[in-house]
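Results of the structural survey
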Amino acid sequence: MATPVKFDSECHLHAVMCFLAGQTGEKIVSIYPHRKPPPKAPPKESTPASSTPGVSMKPVLTSVKDPSVGFGLVETEFDMSLGMLAQAVKTQEIGCNDGFDMKINNQRFVGYPKTWKARGGNTNYQILIVFALKQGCDQHTAAAYQTLSNKIAVSFVMLQNYFGFLEREDKWADMADSADDPLREFSKTSFMVQTLIDMYDEVRKRGNIHKYQINFVELGFCDEAHALSRLNVVPKGRQDIDEIVRKMKPYHGILLLEDVWPTPDANPIVAKLLSHCSPDRSILDMSTASGIPIFEVFMIIRHLLQWTRAILIYPLCNTNIYTSATSPQPLDKMAEKFAAQFGTTIHLAAGLSHFNPPKTLDTFIRPNLPLHEQGVRAKLVVALLRHQMLMQLHQFYYILKPYSNAVLPDPIEQCPEEFIKLIFDSQLPNDDVKRVVADICAEMLSHTAYGAVKRKLTLFMKCVPMMNGNHHLEDIKYKNNLDRAEIESIFKSFELVIATFRRPDFVAE
């Protein structure tokens, strides 16, 4: 039994091949990287089938005959020569322009076959970019590589229509087919081979592609999970991103993971938004500053999240409270990155220690420091957020009756009937809490105007349904259209029946 192929765990993509059917037949003309097949164990004496009833043998492609020359004889790591593999992936014309997904000897091959014609001819030929993927990859990832195969094939067919690109490639493949090393010989003249090599290396390195085929046809692709892991970000699939976008609010912000700038022919609205994007601006601020409707801003941000160009954060603010992340990245790798960015100015360990215990942003940056030092500290916070080594803590609220030894209000006058009706018709959890709130209002009336107390109580009643531990201060403030200072004053007035705690908002974190 042959040794199974061992795939590198860091990326789904293992190899890329190009199947080309032209005027002189069909063949796989390129495979990268071309790894030598593992050494085979010496053959053992076969056991008669009758002596081992019920034991099934491993299926092999016995019906496919190897071509006797050229590309067909090249051995691969997949227990097959290129000739056998070419026969296996060859697709009937009726099956072209549809996804291709095949498992052979426990290996998974995906692609998207396309047809092309020689200029002036009517015969359909075939091109298929085949990706060998890691075993066990999910269907979403396989579909993504099928899409990439389709994009590459479409670009090659487009170049064929303009320049006769595939005709030339087919001609050079025929010439290389008689050489001792056809893969190497073909790569000397082919434009296709280097293009596929560059794409393979870029996907392995970055997880995404954004380039122009022969400076003519634009091509984009992203292996989401791999791209996020390369950027030291927790991988998120498309469903995760859709869920984040559904929960995204105008008070959120974004942090670009790297320098992002669109190509000259990209949508000008994207360039305009990026020019107004900074870590201290909310989505609403970016929309207002750029003049782009907020719905379009949301769509652009979804695109940036999908293509691993940004993460969702809360805009940097002096009152933000930060602490060490619950799942930090490996410190040895991060220390090297921070040394490359900050030199000897500040060490990663020193930067993390500043936020243990949690600390507000203004107490870390400290306005009394020199401006240069403040700038370095602000950049450190951004770098820690970018690599998810830092997370923001938010204030969440519960309505609870006071603890047993709490100092309860002892008002001189009774609470007005108007207030009592408002309190007992509200969603406060029980009568004990309602009585305490009524006493708080009655005591406030001894030193605060009636109208001011009524407004505080009315706004507090509006916030009560959200004080169940699922909504933080920013969310309550936004949904009730309140000023931060006013809502903090309200919660201070009714603190006897409010329990507070801090945790991250997992939508952003």
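Residues numbered from 1 in each chain as written. Predicted model: local features only at pLDDT ≥ 70, side-chain atom pairs only at ≥ 80, totals over all residues. Heavy atoms only, no water.

The protein appears in an unreviewed UniProt entry as GATOR complex protein NPRL3 from Caenorhabditis remanei. Under Sequence similarities (unreviewed entry), UniProt gives the following word-for-word description of the protein: "Belongs to the NPR3 family." Under the UniProt heading Subcellular location (unreviewed entry), the entry covering the protein gives this text: "Lysosome". (UniProt positions renumbered as here; feature names shortened; annotations may be inferred.)

1. A look at the nonpolar core
Membership of the largest hydrophobic core comes to 58 residues, with the highest contact counts inside it found for M17, F109, I127, F131, Y145, F156 and L166. Other than its neighbours up to four places away in sequence, L166 contacts L20, W116, I127, F156, V157, Q160 and M192. (Core = buried A, V, L, I, M, F, W, Y, C linked by side-chain atoms within 4.5 Å. Buried < 20%, exposed > 50% of the residue type's maximum accessible area, 1.4 Å probe, protein only. Contact = heavy atoms within 4.5 Å.)

2. Some thoughts on helix α14 (residues 371–386)
Over its 16 residues, α14 extends 23 Å from the first C-alpha to the last, a length consistent with the 22 Å expected when each residue adds 1.5 Å. Those residues of α14 that fall on the buried side of the exposure criterion are Q374, V376, R377, L380, V381, V382, A383, L384 and L385. Directly after α14, the chain includes Q388, whose backbone phi takes a positive value near 55°. (Helix = DSSP H or I, 4+ residues; strand = E, 2+ residues; numbered from the N terminus. Expected span 1.5 Å × (residues − 1).)

3. Notes on the pattern of salt bridges
In the structure shown here, the tally under the stated rule is 16 salt bridges. When the shortest N-O distance is used, the salt bridge between D174 and K27 registers 3.2 Å. Residue D174 is found in helix α3 (residues 165–176), and its partner K27 is found in strand β2 (residues 25–32); the two are separated by 147 residues along the sequence. Judged by relative accessible area, which is 9%, K27 ranks as buried. As a salt-bridge pair, R484 and E474 come within 3.2 Å of each other at their nearest N and O atoms. Taken together, the positions of R484 in helix α19 (residues 484–493) and E474 in helix α18 (residues 473–479) put the pair 10 residues apart, joining distant regions of the chain. Given a relative accessible area of 26%, R484 falls into the partly exposed group. The structure contains a network of salt bridges with shared partners spanning E474, R484 and E488. (Salt bridge = Lys/Arg side-chain N within 4 Å of Asp/Glu carboxyl O.)

4. Some details on the environment of T345
In this fold, T345 is placed in the loop between α11 (331–342) and α12 (348–353). The class of T345 is partly exposed, set by a relative accessible area of 47%. It is 9.9 Å that separates the C-alpha atoms of T345 and R377, two residues lying 32 residues apart in sequence.

5. Structural notes on the packing of aromatic side chains
Under the criterion given, the structure shown has 17 aromatic pairs. Between Y322 and F355, the aromatic rings sit 6.4 Å apart at their centres with planes inclined by 85°, giving edge-to-face as the arrangement. Of this pair, Y322 sits in strand β11 (residues 321–324) while F355 sits in the loop between α12 and β12 (359–360), and the two are 33 residues apart along the sequence. These aromatic residues form a ring-pair network of at least three members: Y251, Y314 and Y478. Of note, R377 hangs over the ring of F364, and the distance from its end group to the ring centre comes to 4.9 Å. Positioned over the ring face of F396 is R503, at 3.9 Å from the centre of the ring. (Phe/Tyr/Trp six-rings, centres within 6.5 Å; stacked < 30°, edge-to-face > 60°. Lys NZ or Arg CZ within 6 Å of the ring centre and 35° of its normal.)

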